[in-house]
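Okay, here's what each chain looks like letter by letter:
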Amino acid sequence: QVQLVESGGGLVQPGGSLRLSCAASGSIFTRNAMGWYRQAPGKQRELIATINSGGSTVYVDSVKGRFTISRDNAKNTVYLQMNSLKPEDTAVYYCNKNPPFYSVSHSSVFWGQGTQVTVSS
């Protein structure tokens, strides 16, 4: 059973913090690099943070120093701690392996439902 379940989004004021969680099935998580992606209204989905199985991380410049990705290999869970949030961080956030998991049975990339993050005063 392939699974990606994101949670933890919500409405937060600029400068605030949120912590996102993503529970993944073993077929996606185990020994794979995992990433957080986001899609803002009218924009393409983008990869913003990656963590490999050993814990090494990479961030895009727009979130570097504000966001922290981590993983719990025992729980097949990846997290995204987001601090100093800005209105431009407003988006639906998704997790997936990097590169994203391709479902042969569906002939498409598999995504979870995502979690909405809205940064607004």
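Residues take numbers from 1 onward in each chain, read along the sequence in its written order. The predicted nature of this model means local features are confined to residues of pLDDT at least 70 and side-chain atom pairs, given and counted, to a pLDDT of 80 or more, with totals for whole chains, interfaces and linings taken over all residues. Excluded from the side-chain calculations are hydrogens and water; all other atoms, namely the structure's heavy atoms, are used.

A. Examining a nonpolar patch on the surface more closely. Only residues whose relative accessible area exceeds 30% and that take part in no salt bridge are eligible for patches, with like-charged residues grouped when within 9 Å of each other and nonpolar side chains (Val, Leu, Ile, Met, Phe, Trp, Tyr) grouped when within 5 Å. Working definition of accessibility: Shrake-Rupley area with a 1.4 Å probe, residue cover restricted to the visible protein chains. Between Lys or Arg on one side and Asp or Glu on the other, a salt bridge is scored when a side-chain nitrogen of the former is within 4 Å of a carboxyl oxygen of the latter. Nonpolar side chains collect at one region of the surface, where Tyr-102, Val-104 and Val-109 lie side by side and expose about 300 Å² of accessible area between them. Tracing the backbone through its elements, the reader meets Val-104 in the loop between strand E10 (102–103) and strand E11 (108–109). Residue Val-104 is classed as exposed on the basis of its relative accessible area of 67%. Secondary structure follows DSSP: runs of H or I at least 4 residues long count as helices, runs of E at least 2 residues long count as strands, and numbering of each begins at the N terminus. Here's how the labels work: a residue is buried when its accessible area is under 20% of the maximum for its type, exposed when over 50%, partly exposed in between, all with a 1.4 Å probe on protein chains only.

B. Focus on the environment of Gln-1. Note that Gln-1 resides in the segment before strand E1 (4–7). A relative accessible area of 89% places Gln-1 in the exposed class. Between the C-alpha atom of Gln-1 and that of Ser-25, which follows or precedes it by 24 residues, the distance is 7.1 Å.

C. Spotlight on the sheet that holds strand E7 (residues 67–72). The four strands lie next to each other as E1-E3-E8-E7, forming an open sheet whose pairing is antiparallel. A single partner strand is all that each edge strand has here, and the edge strands are E1 and E7. Neighbour-to-neighbour, the strand axes of this sheet turn through a mean angle of 15°, independent of strand direction. Two strands pair if DSSP finds at least two bridges between them. Note on method: axes are straight lines fitted to C-alpha atoms, helices fitted across the in-contact stretch only, with angles between N-to-C directions ranging 0 to 180 degrees.

D. Seen up close, the sheet that holds strand E2 (residues 10–12). One open sheet accounts for six strands, arranged E2-E12-E9-E4-E5-E6; its pairing is mixed. Strands at the two margins of the open sheet, each flanked by one partner only, are E2 and strand E6 (57–59). Sheet twist, expressed as the average angle between the axes of neighbouring strands with direction ignored, equals 25°. Relative to strand E12 (residues 115–119), E2 is paired through three bridges, and the arrangement is parallel. Paired with Val-12 across the strands is Val-119, a residue of E12.

E. View of the pattern of salt bridges. Scanning the model with the defined rule gives four salt bridges in all. With a closest N to O distance of 3.1 Å, Arg-38 and Glu-46 form a salt bridge. A residue is classified by how much of its surface remains accessible, and Arg-38, at 6% relative accessible area, is buried. By relative accessible area, Glu-46 is classed as partly exposed at 33%. With a shortest N-O distance of 3.0 Å, Asp-61 and Lys-64 are connected by a salt bridge.

All we've got here are geometric facts, nothing functional implied.
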